[in-house]
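Fold and geometry: a report
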Amino acid sequence: LEQQKENFGKFTETLFSCMRGMLSENPFQFLPQLKMPVFLIYGNADRLIPNKMLHPAMTIHDVVNDAKKNIPGVKTEIAENCGHYLPFENPHLLAQRIQQFYLQ
């Protein structure tokens, strides 16, 4: 954060804008309409998804199962020892999985 402090304000604006959008309109209704290949990778230690305030009983496995039910042909993975910020926590794993997804 110290190296990117000049961008932190824009980051927080974007984050709050995304949260407002997710709370004001249900994005899940659009998932079955996706026509492109989709790869979702979640960290098994994610503390933001599922949101415990909005969905206290939901687990990361529930989120993955919902994705499999609602997104045609989705590929999913749960990354071990990672949280919500997988690109920072394990960028090599993420890059490897994205590359594998696009090369299949």
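Going by the structure above, here's the rest.
Heads up: these notes are all about the structure in this document.

**Quick look at the layout of surface pockets**
Of the volumes computed, that of the largest pocket is approximately 1,300 Å³. Considering the residues around the largest pocket, the lining is formed by 35 residues, among which M22, F28, L48, I49 and H84 are closest to the centre. Those elements that place two or more of their residues in the lining of the largest pocket are α1 (8–24), β1 (39–43), α2 (60–70) and α3 (86–89). If one sorts the elements of the lining of the largest pocket by residue count, α1 sits on top with seven residues. For the lining of the largest pocket, the class distribution of residues is 24 nonpolar, eight polar and three charged.

**Details of the pairing of strand β2 (residues 75–79)**
For a regular strand, side-chain orientation follows a simple rule: the groups alternate between the two sheet faces. By the bridge criterion, five bridges tie β1 to β2 in an arrangement that is parallel. Its bridge partner being in β2, Y42 is matched across the sheet by I78. With α2 bridging β1 and its parallel neighbour β2, the resulting β-α-β unit is right-handed.

**A few points about a nonpolar patch on the surface**
On the surface, F8, F11, L15, F16, M19, M22, L48, Y85 and F88 cluster together to form a nonpolar patch covering roughly 920 Å² of accessible area. A per-element tally of the nonpolar patch places α1 first, with six residues. As for its position among the elements, L15 is in helix α1. We classify L15 as partly exposed; its relative accessible area is 35%.

The rules behind the values
Residues numbered from 1 in each chain as written. Predicted model: local features only at pLDDT ≥ 70, side-chain atom pairs only at ≥ 80, totals over all residues. Heavy atoms only, no water. 1 Å grid on protein atoms, 1.4 Å probe; cavity = no way out; pocket = protein on both sides within 12 Å on 5 of 7 lines; lining within 4 Å. Points joined across faces, edges and corners; volume = space filled by probe spheres on them. Helix = DSSP H or I, 4+ residues; strand = E, 2+ residues; numbered from the N terminus. Nonpolar A, V, L, I, M, F, W, Y, C, P; charged D, E, K, R; others polar. Pairing = 2+ DSSP bridges. Right-handed = clockwise from strand over helix to strand, strands pointing away. Patch = residues over 30% accessible without salt bridge, like charges linked within 9 Å, V, L, I, M, F, W, Y side chains within 5 Å. Areas by Shrake-Rupley, 256 points an atom, 1.4 Å probe, with all protein chains shown as cover. Salt bridge = Lys/Arg side-chain N within 4 Å of Asp/Glu carboxyl O. Buried < 20%, exposed > 50% of the residue type's maximum accessible area, 1.4 Å probe, protein only.

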